[in-house]
Amino acid sequence: MKNRLVKTVLMFFLLSAVLGAQERGVIMIPRTAYVGDPVTMVVPLPAAQEGANDIIITADALSRILPSGQNVDFHRIVVEHRVSGGRLLIEFTAFTPGILELPEFEIGGVKFSGLTASISSVFEKNAFAPELAGAASTLAMPGTALLIYAAMTVFAVTILLTIWFIFKGRFYIKILKEKWRRQRLFANMKNTGRRLRKNLQKDGNKRAVLDIISEELRIFLSVLTEENCRSMTSREFLNISAQTVITDEYDLNFLVKFFKSCDDLRFSGSNFNSGDVLYLLNDLQLYLDSLEKFKKEKNRISGAAQEKAA
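This is a predicted model, so every value here is computed, not measured.

Hey, could you go over the overall build of the protein chain for me, with residue numbers and the actual values?
Summing up its helical and strand segments, the protein chain has seven helices and 10 strands in all. In the protein chain, which comprises 310 residues, the share counted as buried stands at 29%. For the protein chain, contacts bridging at least 24 residues in sequence account for 57% of all contacts bridging at least 6. Accessible surface for the protein chain amounts to roughly 20800 Å². Of this, 58% is attributable to carbon and sulfur atoms.

Here it is, written out as structure tokens:
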């Protein structure tokens, strides 16, 4: 009689707790259940006596309590007995959207009924079932962004250089080409002077040195002035256009004096020493340095004026 009374009281509390939990609504994990996803329904239970064992019902024995059907597949039921408050866990997977009503079942002498779950579909356009996101973008390999930006930069710079070349590039290339030709011309003439000086220091033929320097200087002046200086006599160098190569009258007189000195030593028939030839080579070196400096300054001023006009 006493045991029957205890069971009746326990049944009353369990039913009250279950009904209270159903009124408050069950807890779903996850909170939004979708079709085809595993879901756990959590139903709070009242506190149990200390030392009470949990009840675990697996799929094999579960078919006798909650049989699965086309719309739902039950996996496991767990009844947790805790002094602070127990829980009923129902693990299942639903295959139809809408309100899922669980049939009445009994565990440990306690009946559970009226349990429902809201199952959502990913294709429904409502607040509880958000629309599927679009396809994810293609993953880029590391360094792809740097390669793309570098290629775009090179392409933009190439276009700008092409436009610059069409309008002003050929003008600057002409200036650079003329500058390179002038530097090579002066460098070759200075190298000839140094080579002849070393030849004299090794007791070379003095008349041959004078012949070479006289001929090479005439060729140098012909290229520089664009006038035929190869067959000019010393006096005829006064007719060279001063604005193309000569800085003042002193330079014209230098050329006349230099070639006259060369001719006097070559054709006088008298013997002369290496010092006379070295003296001429030194004067020629100073003249070339002064003339190169003058030409650089003149071309710089002329290039600046042409650039401004362009």
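How would you sum up the pairing of strand 3 (residues 38–45)? Please name residues and give values.
Examined bridge by bridge, strand 1 (residues 27–29) and strand 3 share three bridges and lie antiparallel to one another. When the sheet's bridge partners are listed, M28 is paired in strand 3 with M41.

Go over the sheet that holds strand 1 with me, naming the residues and quoting the values.
On the basis of which strands lie adjacent, the open sheet formed by five strands has the order 1-3-6-5-4 and antiparallel pairing. Each of the sheet's edge strands pairs with one partner strand only, and the pair in question is strand 1 and strand 4 (55–57). Neighbouring strand axes in the sheet, compared pairwise and without regard to direction, differ in orientation by 20° on average. In this structure, strand 5 (residues 72–80) lies alongside strand 6 (residues 86–94), joined through eight bridges in antiparallel fashion. Its bridge partner lying in strand 6, V78 is registered against L89.

Any details on the pattern of salt bridges? Residues and values, ideally.
Under the definition given, this model contains nine salt bridges. A salt bridge links R87 to E80; the shortest N-O distance between them is 3.1 Å. Look at R87 and you get partly exposed, because its relative accessible area is 35%. One network of salt bridges, with partners in common, ties together K190, D289 and E292.

So what about the side chain of S222? Which residues, and what values?
Residue position: S222 is located in helix 4 (residues 206–225). Exposure remark for S222: the relative accessible area of 7% places this residue in the buried category. Apart from residues lying up to four places away in sequence, S222 is in contact with E227, N228, C229 and R230.

Explain a nonpolar patch on the surface to me, using residue names and the numbers behind them.
Nonpolar side chains collect at one region of the surface, where F155, I159, L160, I163, I166 and F167 lie side by side and expose about 670 Å² of accessible area between them. By the secondary structure assignment, F167 is in helix 3 (residues 144–201).

Please give an account of helix 4 that cites residues and values.
Under the 1.5 Å per step criterion, the end-to-end length of helix 4 is 28 Å for 20 residues, consistent within 8% with the ideal 28 Å. Three or more residues of helix 4 are buried, namely V209, L210, I213, S214, L217, R218, F220, L221, S222, L224 and T225. For helix 4, the side-chain oxygen to backbone nitrogen distance between the N-cap and R207 is 3.0 Å, and the N-cap itself is N205. Positive phi appears at E226, one or two residues downstream of helix 4, with a value of about 60°.

Can you tell me about the sheet that holds strand 2 (residues 33–34), naming the residues and giving the values?
Taken in spatial order, the three strands of this open sheet run 2-10-7, and their pairing is mixed. Each edge of the sheet is formed by a strand with only one pairing partner; in this case those strands are strand 2 and strand 7 (98–101). Pairing of strand 7 with strand 10 (residues 116–120) involves four bridges; the strand directions are antiparallel. From the neighbouring strand, L100 faces strand 10, where its bridge partner is A117.

Before we move on, can you summarise the packing of aromatic side chains with the specific residues and values?
By the definition in use, this model includes six aromatic pairs. On the numbers, 4.7 Å between centres and 20° between planes, the contact of F254 with Y287 is stacked. Of this pair, F254 sits in helix 6 (residues 249–267) while Y287 sits in helix 7 (residues 274–309), and the two are 33 residues apart along the sequence.

Any details on the packing of helix 3 against helix 4? Residues and values, ideally.
At a minimum axis separation of 10 Å, helix 3 and helix 4 run at an interaxial angle of 175°. The angle between the axes of helix 3 and helix 4 places the two elements in the roughly antiparallel class. Only K206, V209, I212, I213, E216, L217, F220, V223 and L224 of helix 4 make contact with helix 3, whose side of the interface consists of R181, L185, F186, M189, T192, L196, N199 and L200. Here the residues of the contact of helix 3 with helix 4 are counted per class, giving 12 nonpolar, two polar and three charged.

Lay out the environment of D211 with the relevant residues and their values.
Here D211 lies in helix 4. Remark: the alpha-carbon pair of D211 and C262, spanning 51 residues in sequence, is separated by 8.2 Å.

Rules used throughout
Residues numbered from 1 in each chain as written. Predicted model: local features only at pLDDT ≥ 70, side-chain atom pairs only at ≥ 80, totals over all residues. Heavy atoms only, no water. Helix = DSSP H or I, 4+ residues; strand = E, 2+ residues; numbered from the N terminus. Buried < 20%, exposed > 50% of the residue type's maximum accessible area, 1.4 Å probe, protein only. Contact = heavy atoms within 4.5 Å. Areas by Shrake-Rupley, 256 points an atom, 1.4 Å probe, with all protein chains shown as cover. Pairing = 2+ DSSP bridges. Axes fitted to C-alpha atoms, helices over the stretch in contact; angles between N-to-C directions. Salt bridge = Lys/Arg side-chain N within 4 Å of Asp/Glu carboxyl O. Patch = residues over 30% accessible without salt bridge, like charges linked within 9 Å, V, L, I, M, F, W, Y side chains within 5 Å. Expected span 1.5 Å × (residues − 1). Polar contact = N/O pair within 3.5 Å; in protein donor to acceptor, adjacent residues only side chain to side chain. Phe/Tyr/Trp six-rings, centres within 6.5 Å; stacked < 30°, edge-to-face > 60°. Parallel < 35°, antiparallel > 145°, perpendicular 65-115°, else oblique. Nonpolar A, V, L, I, M, F, W, Y, C, P; charged D, E, K, R; others polar.

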